[in-house]
Amino acid sequence: MFFKASETPLMSEKLYPYVLKKLHQHGRISSMIKRIKHSLEHLIDKSSRNKTSMSEENLLNDFAFDQYQNSKWNETQMGNPDEVSQNIYKGIQLRIGKKESFNPYLKYMAAASILFLVGLGFFFKPGFSVEKHLTFKTLDTPKSIQLNDGSKIYLAANSIFQYPEKFQGNERKVSLLKGNAFFEVAKDKKHPFIITSGEIKTRVVGTSFHIQLSKSKCEVIVVTGKVNVTSKGQSVDLVPNEEALFESQKLTKQLADKSYLVNWYNTDVSLNQTTLKQVITILQYKYGVSFQYNNEKVLATPLTVFIKKDASLEHVLEQINYITNLKFKVYDEIVKVD
């Protein structure tokens, strides 16, 4: 069923296959696809902002469910349709972080869009498969994972990373959805490695770098190789010891803080004759927490700290409390200093 942003369908379901065939014969299928895409995007956008009328919402729901139910699905090549639609739906939920307001019928819209393209011959070939995405999540300690291309990702505590079970196509695409990570990307010039983190994209072919993602900003710090970072029409190229900072919708390049270059991810860390400020910087990165303190003078407190690779945040804070006579207390993902 085709429709405008208004509440009236453009044609009945009976006419749909005939008109589609004629449009294809006359070379007008491309413009019609754009028209459908525009209409869907318009209604979905209105729905996400709770601006749709009841009729428009019903139209969107009916269209998605009808396309999903009536399209032919090759289960051998494409997998179980219910599982695929559910995986797509969960991925969208995870990205927008609004499970309670997200329209459940849009899981059928996602799967139906695949079926629609298959019906037009875009994916009509043996070996076509829906890319299965996996989610890697850490709790109170950092962990690492190796992808099927050989790349290794060290995920800080309280972080979420999403990746395909197997890379397909010309690009290797992954997403850092929350927290911090260190990437050791396997070199492959023919298949660039692209990480989406918040509103920025980081593109490499084989290098190592940090990404730190928070609600207010995103930082990319390069250790080896070259990295390209883009966002909203802005672009910067980075080399080792340089950092890209995206904050307040602006992307800038600067020298990296040496504290971020510490190998926190796969070895024990010894911090000799340092300051509490530098220790806090590393703990924020390694454990994905933020610190709150009433007196900034405490940041100049000198200390020597040993942090084991697999140590919990609570264990490290106990050590600091003993050395400094301060009181660090953890409240979810916030550490308060008394």
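Up top is the structure.
The structure reproduced in this document is the subject of the present report. Given the structure is predicted, the values throughout are model-derived calculations rather than measurements.

Moving on, we get to the side chain of R172. Note on placement: R172 falls in strand β5 (residues 172-184). Under the relative-accessibility criterion, R172 is labelled buried at 4%. In terms of polar contacts, R172 uses its side chain to reach the backbone carbonyl oxygen of H191, at 2.7 Å. Not counting residues up to four positions away in its chain, the partners in contact with R172 are D149, S151, F167, V185, A186, D188, H191, P192, F193, I194 and V205.

Here we take up the pattern of salt bridges. Think of it this way: side chains of opposite charge can pair up when their charged atoms draw near. Under the criterion given, the structure shown has six salt bridges. In this structure, K232 engages E199 in a salt bridge whose closest nitrogen and oxygen atoms are separated by 2.9 Å. Taken as a pair, K232 in the loop between β10 (227-231) and β11 (234-238) and E199 in the loop between β6 (193-197) and β7 (200-204) lie far apart in primary sequence, 33 residues in all. A residue is classified by how much of its surface remains accessible, and K232, at 53% relative accessible area, is exposed. Judged by relative accessible area, which is 43%, E199 ranks as partly exposed. Residue E219 pairs with K217 through a salt bridge whose shortest N-O separation is 3.9 Å. A residue is classified by how much of its surface remains accessible, and K217, at 30% relative accessible area, is partly exposed.

For the pair helix α7 (residues 276-287) and helix α8 (residues 313-324), interaxial distance at closest approach is 12 Å and the crossing angle is 170 degrees. Regarding the angle of α7 to α8, the classification is roughly antiparallel. Where α7 approaches α8, its residues L276, V279, L283 and Y287 are matched on the opposing element by L313, V316, L317 and I320.

A word on the layout of surface pockets. Space inside the second largest pocket adds up to approximately 900 Å³. For the lining of the second largest pocket, the secondary-structure elements that each account for two or more residues are β5, β8 (208-213), β9 (217-224) and β12 (242-247). Partitioning the lining of the second largest pocket into residue classes produces eight nonpolar, twelve polar and seven charged.

Two residues of an α-helix separated by three or four positions point the same way, owing to the 3.6 residues in each turn. Compared with an ideal rise of 1.5 Å per residue, which puts twelve residues at 16 Å, α8 spans 16 Å between its outermost C-alpha atoms and is within 8% of the ideal. By the burial criterion, the buried members of α8 are L313, V316, L317, I320 and T324. Projected onto a plane normal to the axis of α8, the buried residues spread over an arc of 95 degrees and lie on a single side. Residues of α8 that are exposed and angled more than 90 degrees away from the buried face: E318 and Y322. At its buried positions, α8 is contacted by α7, β15 (290-293), β16 (302-307), β17 (328-331) and β18 (334-337). Within two residues after α8, N325 carries a phi angle of roughly 65 degrees, on the positive side.

This part is about the nonpolar core. Within the largest apolar cluster, 31 residues are counted, with the highest numbers of intra-cluster contacts made by L283, Y287, F291, I320 and F328. Broken down by secondary-structure element, the contributors of at least two residues to this core are β14 (269-275), α7, β16, α8 and β18. For this core, the leading source of residues is α7, giving seven residues. With residues up to four places along the chain from it excluded, the contact list for Y287 reads D140, P142, A157, N158, I307, A311, S312, L313 and V316. One finds L176, F183, V185 and V227 within the second-largest nonpolar core, a separate group that totals 30 residues.

Each value, and the rule that gives it
- Residues numbered from 1 in each chain as written.
- Predicted model: local features only at pLDDT ≥ 70, side-chain atom pairs only at ≥ 80, totals over all residues.
- Heavy atoms only, no water.
- Helix = DSSP H or I, 4+ residues; strand = E, 2+ residues; numbered from the N terminus.
- Buried < 20%, exposed > 50% of the residue type's maximum accessible area, 1.4 Å probe, protein only.
- Polar contact = N/O pair within 3.5 Å; in protein donor to acceptor, adjacent residues only side chain to side chain.
- Contact = heavy atoms within 4.5 Å.
- Salt bridge = Lys/Arg side-chain N within 4 Å of Asp/Glu carboxyl O.
- Axes fitted to C-alpha atoms, helices over the stretch in contact; angles between N-to-C directions.
- Parallel < 35°, antiparallel > 145°, perpendicular 65-115°, else oblique.
- 1 Å grid on protein atoms, 1.4 Å probe; cavity = no way out; pocket = protein on both sides within 12 Å on 5 of 7 lines; lining within 4 Å.
- Points joined across faces, edges and corners; volume = space filled by probe spheres on them.
- Nonpolar A, V, L, I, M, F, W, Y, C, P; charged D, E, K, R; others polar.
- Expected span 1.5 Å × (residues − 1).
- Arc of directions from axis to C-beta.
- Core = buried A, V, L, I, M, F, W, Y, C linked by side-chain atoms within 4.5 Å.

Geometry only, nothing functional implied.
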